[in-house]
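Structure assessment
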Amino acid sequence: MKHQGMTLWFTGLSGAGKTTISKAVEEKLREQGYKVEVLDGDVVRENLTKGLGFSKADRDENIRRIGFVAQLLTRNGVIVIVSAISPYRAIRDEVRGKIGNFMEIFVNAPLAVCEERDVKGLYKKARAGEIKSFTGIDDPYEPPINPEVECRTNQETLAESVEKVMAKLNEYVHVNNSVSKVA
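Residues numbered from 1 in each chain as written. Predicted model: local features only at pLDDT ≥ 70, side-chain atom pairs only at ≥ 80, totals over all residues. Heavy atoms only, no water.

Labelled according to an unreviewed UniProt entry, the protein chain appears under the name Adenylyl-sulfate kinase, originating from Chroogloeocystis siderophila 5.2 s.c.1. Turning to the protein chain, the UniProt annotation filed under Catalytic activity (unreviewed entry) states: "adenosine 5'-phosphosulfate + ATP = 3'-phosphoadenylyl sulfate + ADP + H(+)". What UniProt records for the protein chain under Pathway (unreviewed entry) is the sentence "Sulfur metabolism; hydrogen sulfide biosynthesis; sulfite from sulfate: step 2/3." (UniProt positions renumbered as here; feature names shortened; annotations may be inferred.)

Given below as structure tokens:
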């Protein structure tokens, strides 16, 4: 199916629900025949940005590289789903400017909720001092000021979050936003 390319940029704290929502959105779009690529922050760090650390400069470079790949795919008619903490507002704004067709989705959950959901044990390690410069603990997260979509994962269901994203995406790409298959 030929369609306009678009980058859906999911940002939020670790454990907020970025990957969960982005996977559900990906599934809906693939079911409808759209060309979709997912750039998950953890996967990109393993493959594309392996040598980068977690200093502000390295985090910015990581986001620039993700943004560059997203830009290439977007201009070639792909709906790109980026799921990355991307803690700094300025670098998110920079990649938005380069990509153009860009939708920022703030996956918002309180820090305490994210810590409760901590399946990887990262918050526990950060609180114990085993991980330095951990976003939300000893490194800041700068929430978006005007995201196109805000998903409050501690207050809404997965289906409600997906419906919000699909409805907003429909304004740009005209997708079917029926969420009947999302649990």
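Brief notes about the side chain of Asp139
Mapped onto the elements of the fold, Asp139 is located in the loop between α6 (122–127) and β5 (149–152). According to the relative accessible area criterion, Asp139 is buried, its value standing at 15%. Residues in contact with Asp139, not counting those within four places in the same chain, are Arg59, Tyr88, Ser133 and Phe134. (Helix = DSSP H or I, 4+ residues; strand = E, 2+ residues; numbered from the N terminus. Buried < 20%, exposed > 50% of the residue type's maximum accessible area, 1.4 Å probe, protein only. Contact = heavy atoms within 4.5 Å.)

Notes on the pairing of strand β4 (residues 102–108)
Burial analysis of β4 places seven of its seven residues in the buried class, the great majority of the element. Side chains Phe102, Glu104, Phe106 and Asn108 of β4 all project onto a buried face; the interleaved residues Met103, Ile105 and Val107 project onto the opposite face, where all are buried too. Note that strand β1 (residues 6–11) and β4 share five bridges and pair parallel. Looking at β4, one finds that Thr11 is bridged to Phe106. Here β4 runs beside β5; their pairing, made up of four bridges, is parallel. Counterpart to Ile105 in the pairing with β5 is Val149. (Pairing = 2+ DSSP bridges.)

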